There are 2 protein chains.
Amino acid sequence: MIEHTDLSKPIYKRLKEMIRNGELKQGEKLVQEKIAERLGVSRTPLMKALLALENEYLVESKPRRGMYLRVLDRKEIIDIYVCREAIEGMAARVLATKKNMSHVSQLKACFNPFTSDTDIDVDAYAKADETFHSLLIKLTDNTPLDKIYFFNDIHDRVVGHGLVRAPKDTLKEHFDIIEAIAIGDADKAEALTRLHINKSKELLINQHKIKTSE
Amino acid sequence: MIEHTDLSKPIYKRLKEMIRNGELKQGEKLVQEKIAERLGVSRTPLMKALLALENEYLVESKPRRGMYLRVLDRKEIIDIYVCREAIEGMAARVLATKKNMSHVSQLKACFNPFTSDTDIDVDAYAKADETFHSLLIKLTDNTPLDKIYFFNDIHDRVVGHGLVRAPKDTLKEHFDIIEAIAIGDADKAEALTRLHINKSKELLINQHKIKTSE
DNA sequence: ATATTGCATTTTGTATACAAAATGCAATAT
DNA sequence: ATATTGCATTTTGTATACAAAATGCAATAT
């Protein structure tokens, strides 16, 4: 039995964990009674959590039939990258317009641990990368943009496909974006951010092509 | 008693209607029992509807305290315009890349009724405008983008502040965007779409300035 | 052997009961 | 007069009972 002010929140987190680590499989039907029993809660707060996941597009509800874990195919992952290009690009633009030095140092702080010549800890870098991209949104102080991105982020994390490109390829790109924000070059900040995300997207698209053509 | 496969959907729609026409006021506390009684349903399906609204950011839940109708201030409306710039701009880009003539004629169809010299019916034009902007997203066939925009659209509709600019100002802009898509000029399609939305945004910002400086 | 039907079982959707927390207000203290 | 306390009332959060729909499978028909 999980304790909280509202059970649905910890249930929601637990479900996401279960989705990410494969305890629940893609396409699987989520039988309310069974999951409720497994988590030691009743269907009422579980339903709340499932509805939140449905709104985030992780779970699909077929009326009268039940809730199903959505299947994310490659097209949808690529579509998410297109969304990220639009949203993060705009975020970088907004930040460049603001030209706030506290923002700049916060962004730099993400990657400072990796500036020495020593080998980069890939896991640590992956986390820094995630922090950087979240921060880019948070710092804009644009609540709707934040909400929208959060929704996307969910997807991305669930996909859980770690880094698409090696740190040595992306580290400079990150610093270039930060620099453009620092000097207040909005066009450049946006363009660089888009390019950065676009490169990963292209890689995913090409992987697909290789796979299907063989 | 409303009939449906799932009561929460009609309840959800009814609530949105109540929000839009002012039956429910901004900032108001939504006491579950009272609304449930008013709609002739129990709290269970009502809760589902309220959670959907919460996820769309129309309603805010304070744990153990209740659900409150969110207050949209001018900053947030402007922030939504920034989101629209990013998302619709990207949508126009995607469509220009596809260069699908069926898309082009569908988009044109929105505004064809207004091409004659006669006076424009503002209400009809407002509807056409809404259709056009929704269509721009739908035609991309990018599900996450669609989801994201839908979320935004909600806001916009609730604000319900009709047209920001007169049809005579925006009609040509719409056709120019469509033309850029038709010739497959992705950069232009995106730039024009952004400019189009940005102009309305600037107008809202200036209105604000006038108000506050007086 | 395959398709169809009917029925028992499972599961969803809704209403409701109940405990715990929040709220509002009168009585009391300062 | 204002602040504080205590208690009745209201409201939320959760569990659960029940009806209606969906499902699965055995029995029967083709």
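These lines cover the structure that appears in this document, whether it is placed above or below. Because the structure is predicted, anything quoted here is derived from the model rather than measured.

1. A few points about the protein's contact with DNA strand D
Every one of the 20 residues lining DNA strand D counts as a neighbour, but Leu7, Ser42 and Thr44 of chain A together with Arg43 and Arg64 of chain B are closest to it. Protein-proximal atoms of DNA strand D, defined as those within 4 Å of the protein, fall in sugar or phosphate at a share of 65%. Between Ser42 of chain A and DNA strand D, the recorded distance is 2.5 Å, taken from a side-chain N or O atom to a phosphate oxygen. A distance of 3.3 Å separates a phosphate oxygen of DNA strand D from a polar atom in the side chain of Arg65 of chain A.

2. Quick notes on helix 3 (residues 43-55) of chain B
For an α-helix, the turn length of 3.6 residues means that residues three or four places apart are oriented alike. Compared with an ideal rise of 1.5 Å per residue, which puts 13 residues at 18 Å, helix 3 of chain B spans 18 Å between its outermost C-alpha atoms and is within 8% of the ideal. Along helix 3 of chain B, the residues that are buried comprise Pro45, Leu46, Met47, Ala49, Leu50, Leu51, Ala52 and Leu53 of chain B. In this fold, the buried residues of helix 3 of chain B make contact with helix 3 (43-55) of chain A together with helix 1 (8-20), strand 1 (29-30), helix 2 (32-39), strand 2 (59-62) and strand 3 (66-69) of chain B. Tyr57 of chain B occupies a position one or two residues after helix 3 of chain B and carries a positive phi of about 75°.

3. Quick word on the interface of chain A and chain B
In many analyses, interface size is given as the accessible surface area lost on bringing the parts together. Opposite the 34 residues of chain A that make contact, chain B presents 33 residues. Of the roughly 2900 Å² buried between chain A and chain B, counting both surfaces, carbon and sulfur atoms make up 68%. Remark: the boundary between chain A and chain B carries 2 salt bridges. Across the pair Arg194 of chain B and Glu190 of chain A runs a salt bridge, and its minimum N-O distance is 2.3 Å. Our count for the chain A to chain B interface comes out at 6 residue pairs in polar contact (both at pLDDT 80 or more). Mapped by element, the contributors of at least two residues to the side of chain A that touches chain B are helix 3, helix 4 (74-98), helix 7 (143-159) and helix 9 (186-213) of chain A. Sort the elements by how many residues they give to the side of chain A that touches chain B and helix 4 of chain A lands first, with 12 residues. Tallied by class, residues from the side of chain A that touches chain B come to 16 nonpolar, 5 polar and 13 charged.

4. Structural notes on the sheet that holds strand 2 (residues 59-62) of chain A
All names here are of chain A. Taken in spatial order, the 3 strands of this open sheet run 1-3-2, and their pairing is antiparallel. Lying at the two open borders of the sheet, with one neighbouring strand each, are strand 1 (29-30) and strand 2. By the bridge criterion, 4 bridges tie strand 2 to strand 3 (residues 66-69) in an arrangement that is antiparallel. Residue pairing for strand 3: Lys62 is matched across the bridge by Gly66.

5. Concerning the relation of the copies chain A and chain B
Applying a rotation about an axis and a shift along it to one chain copy brings it onto the other copy. Once turned by 180° and shifted 0.0 Å along the axis, chain A lies on chain B with an RMSD of 0.0 Å. Seen this way, the second copy is the image of the first under a two-fold rotation axis. Residue Ala86 of chain A of chain A places its C-alpha closer to the rotation axis than any other residue of that unit, at 2.6 Å. Of all interface residues in chain A, 97% are interface residues in chain B too; the two copies therefore contact each other through one and the same surface.

Criteria and cut-off values
Residues numbered from 1 in each chain as written. Chains lettered and ligands numbered in written order. Predicted model: local features only at pLDDT ≥ 70, side-chain atom pairs only at ≥ 80, totals over all residues. Heavy atoms only, no water. Near = heavy atom within 4 Å. Polar contact = N/O pair within 3.5 Å; in protein donor to acceptor, adjacent residues only side chain to side chain. Helix = DSSP H or I, 4+ residues; strand = E, 2+ residues; numbered from the N terminus. Expected span 1.5 Å × (residues − 1). Buried < 20%, exposed > 50% of the residue type's maximum accessible area, 1.4 Å probe, protein only. Contact = heavy atoms within 4.5 Å. Buried area = accessible area lost by both parts, 1.4 Å probe. Salt bridge = Lys/Arg side-chain N within 4 Å of Asp/Glu carboxyl O. Nonpolar A, V, L, I, M, F, W, Y, C, P; charged D, E, K, R; others polar. Pairing = 2+ DSSP bridges. Least-squares fit on C-alpha atoms with pLDDT ≥ 70 in both.

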